[in-house]
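Below are the chains, spelled out letter by letter.
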Amino acid sequence: MTAAAPTSAKPRILISRAIFPQVVDRLASHFDVESNQADELWSPQDIARRLQGKQGALTTGSERVDAALLAQCPGLKICANMAVGYNNFDLPAMTAAGVLATNAPGVLTETTADMGFALMMATARRITEGEHYLRAGQWDRWAYDMLIGQDVHGATLGIIGMGRIGQAIARRGALGFGMKVLYHNRSRLPEADEAAVGAQYVSKQDLLRRADHVVLVVPYSAESHHTIGAAELALMKRSATLTNIARGGIVDDHALAHALQTGQIAAAGLDVFEGEPKVIPELLACTNVVLTPHIASATVPTRLAMANLAADNLIDFLLHGKALTPLNPEVLGQAG
Ligand code: 8YV
């Protein structure tokens, strides 16, 4: 849907992907809105062209905002990401251009942690393999080792990346499933936070050696690229599982496919992929991997809350010069 040409002095914004119609309507009561409710695949050039004369953009994790785009959009003042991750933003370039960046933290924490736990359980208990087996008509009798898997309760959970979502997964593991929780993070949590989730800080190597189930929740950056590659997979137990709900690129997918094929680890649960939405054929060919299409935050209340938080940031900034969840707050001081 493309809104009619502006009829007032309202700020103008672009919504780059289809979102909940009620959030588009809410934004349209404050702004002149051009939105992509047809969810067309817009190239960076299309986005740059549509951003002409716009002060704000509601983006999702799929749209890259970098120096090349910003150079073409001198009037742009804010990009509000409907995602907690913001590796689609070149933050230094946005700050240099005086463009405020906001993300959507907090509102998706519990939902994403649920999905991390669900993937880990599906992986350990071979749930999708079991369903495929049954649907293929292969289930003809009981066998002691048919689709035999690993326990989750009482096992050792290793969490890499202990931000909000990592801590929510730790709570589920420790309090709900009696798991021993190890974690690795750039910085260690305060002791009280460790105690609240019963988590022990260890080195990455120690975690990989000791964990029965490794869950990745680390934000993507140049430093976290291939946090898990061949060397790290080689440290893991052969009975261990690996779950990635963070970002493609945190895991070397080719190395992982090799580890799954050779029995270096037991199984993996993946919601994110290098180069998604493409998935490498080697992973698709593995039966011991549970694959989901980047849906960790995909529940109705959570996606609505994410869209509304992005909308709140646009309204707060373009109408009142402030923002709820700024990533480069130094830009706020320059606004006006
Ligand atoms: C989003 C996510 O669905 O918030 C994030 O960082 O990965 C997901 O919740 C995705 O990025 C689309 O914006």
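Here the structure is a predicted model, which means the values were calculated and not measured.

Asks: How would you sum up the sheet that holds strand 1 (residues 12–15)? Please name residues and give values.
Replies: Spatial ordering of the open sheet is given by 2-1-3-4-5, a layout of five strands whose pairing is parallel. Edge positions in the open sheet fall to strand 2 (32–35) and strand 5 (100–102), since each of these has one partner strand only. Averaged over all pairs of adjacent strands, the angle between strand axes in this sheet comes to 15°, irrespective of strand direction. Bridge analysis of strand 1 against strand 2 gives four bridges, and the strand direction is parallel. Residue pairing in the sheet places I15 in a bridge with S35 of strand 2. Its contacts with the sheet put helix 1 (residues 21–28) on strand 1, strand 2 and strand 3 (56–59), and the angle it makes with strand 2 is roughly 150°. The sheet strands contacting helix 13 (residues 300–320) are strand 1, strand 3, strand 4 (78–81) and strand 5, and the helix crosses strand 4 at an angle near 160°.

Asks: Hey, could you go over the pairing of strand 1 for me, with residue numbers and the actual values?
Replies: Taken together, strand 1, helix 1 and strand 2 constitute a β-α-β crossover, and its handedness is right-handed. Relative to strand 3, strand 1 runs parallel, the two sharing three bridges. Opposite L14, over in strand 3, you have A57 as the bridge partner.

Asks: How would you summarise the site of the ligand if you had to cite specific residues and measurements?
Replies: Taken together, T60, G61, M82, A83, V84, G85, L108, R247, H294, S297, R303 and M306 make up the full set of residues adjacent to the ligand. Here an oxygen atom of the ligand sits 2.7 Å away from a polar atom, N or O, in the side chain of R247. A distance of 2.6 Å separates an oxygen atom of the ligand from a polar atom in the side chain of S297. Protein chains bury 85% of the 330 Å² of accessible surface belonging to the ligand in isolation.

Asks: I'd like a rundown of the packing of helix 1 against helix 13, residues and numbers included.
Replies: Viewed as axis vectors pointing N to C, helix 1 and helix 13 meet at an angle of 10°, and their least axial separation amounts to 10 Å. Taken together, the axis directions place helix 1 and helix 13 in an arrangement best described as roughly parallel. Contact residues: Q22, V23, R26 and L27 in helix 1; L304, A307, N308, A311, D312, L314 and I315 in helix 13.

Asks: For the UniProt feature "domain: D-isomer specific 2-hydroxyacid dehydrogenase NAD-binding" (unreviewed entry) in the protein, give the residues involved together with the corresponding values.
Replies: Mapped onto this numbering, the UniProt entry gives "domain: D-isomer specific 2-hydroxyacid dehydrogenase NAD-binding" (unreviewed entry) at residues 117–296. For residues 117–296, the end-to-end C-alpha separation is 10 Å, with 36% helix and 16% strand making up the annotated structure.

Asks: Account for helix 5 (residues 109–124), with residues named and values stated.
Replies: Over its 16 residues, helix 5 extends 22 Å from the first C-alpha to the last, a length consistent with the 22 Å expected when each residue adds 1.5 Å. Burial runs high along helix 5: 12 of the 16 residues are buried. If you check which residues of helix 5 are buried, you get T109, T111, T112, A113, M115, G116, F117, L119, M120, A122, T123 and A124. Positive backbone phi, at 55°, marks R126, one or two positions downstream of helix 5.

Asks: Can you break down the sheet that holds strand 8 (residues 199–201) residue by residue, with the values?
Replies: If you walk across this open sheet you meet the seven strands as 8-7-6-9-10-11-12, and the pairing is parallel. What marks the edges here is a single partner per strand, and that holds for strand 8 and strand 12 (289–291). The average undirected angle you get between the axes of adjacent strands in this sheet is 20°. Bridging between strand 6 (residues 156–160) and strand 7 (residues 180–184) involves five bridges; their strand directions are parallel. Of the residues in strand 7, the one forming a bridge with I159 is Y183.

Cut-offs and rules
- Each chain carries its own residue numbering, running from 1 in the written order of its sequence.
- Residues qualify for local features only when their pLDDT is at least 70, as the model is predicted, and side-chain atom pairs are given and counted only at 80 or more; totals for whole chains, interfaces and linings, by contrast, use all residues.
- Hydrogens and waters are ignored; side-chain quantities use all the structure's heavy atoms.
- The pairing criterion for strands is at least two bridges between them, as found by DSSP.
- Runs of H or I in DSSP of at least four residues are treated as helices and runs of E of at least two as strands, each being numbered from the N terminus.
- With axes taken as lines fitted to C-alpha atoms, and helix axes fitted only over the stretch in contact, angles between N-to-C directions fall between 0 and 180 degrees.
- We call two residues in contact when some of their heavy atoms are within 4.5 Å.
- Assignment of crossover handedness uses the view with strands pointing away from the viewer, where a clockwise path from the first strand over the helix to the second indicates a right-handed crossover.
- We call a residue near a given molecule or strand whenever any one of its heavy atoms falls within 4 Å of it.
- Here a polar contact is taken to be a pair of N or O atoms separated by no more than 3.5 Å, where protein atoms must pair a possible hydrogen donor with a possible acceptor and residues adjacent in sequence count only if both atoms sit in side chains.
- Surface exposure here means Shrake-Rupley accessible area, sampled with a 1.4 Å probe, where a residue is shielded only by the protein chains that are shown.
- Angular relationships are summarised with four words: roughly parallel below 35 degrees, roughly antiparallel beyond 145, roughly perpendicular across 65 to 115, and oblique for the angles in between.
- UniProt positions are given in the numbering used here, feature names are shortened, and annotations may be inferred rather than shown by experiment.
- Take the residue count of a helix, subtract one, and multiply by 1.5 Å to get its expected span.
- For the exposure calls, accessible area comes from a 1.4 Å probe over protein chains only, and a residue counts as buried if that area is under 20% of its type's maximum, exposed if over 50%, partly exposed in between.

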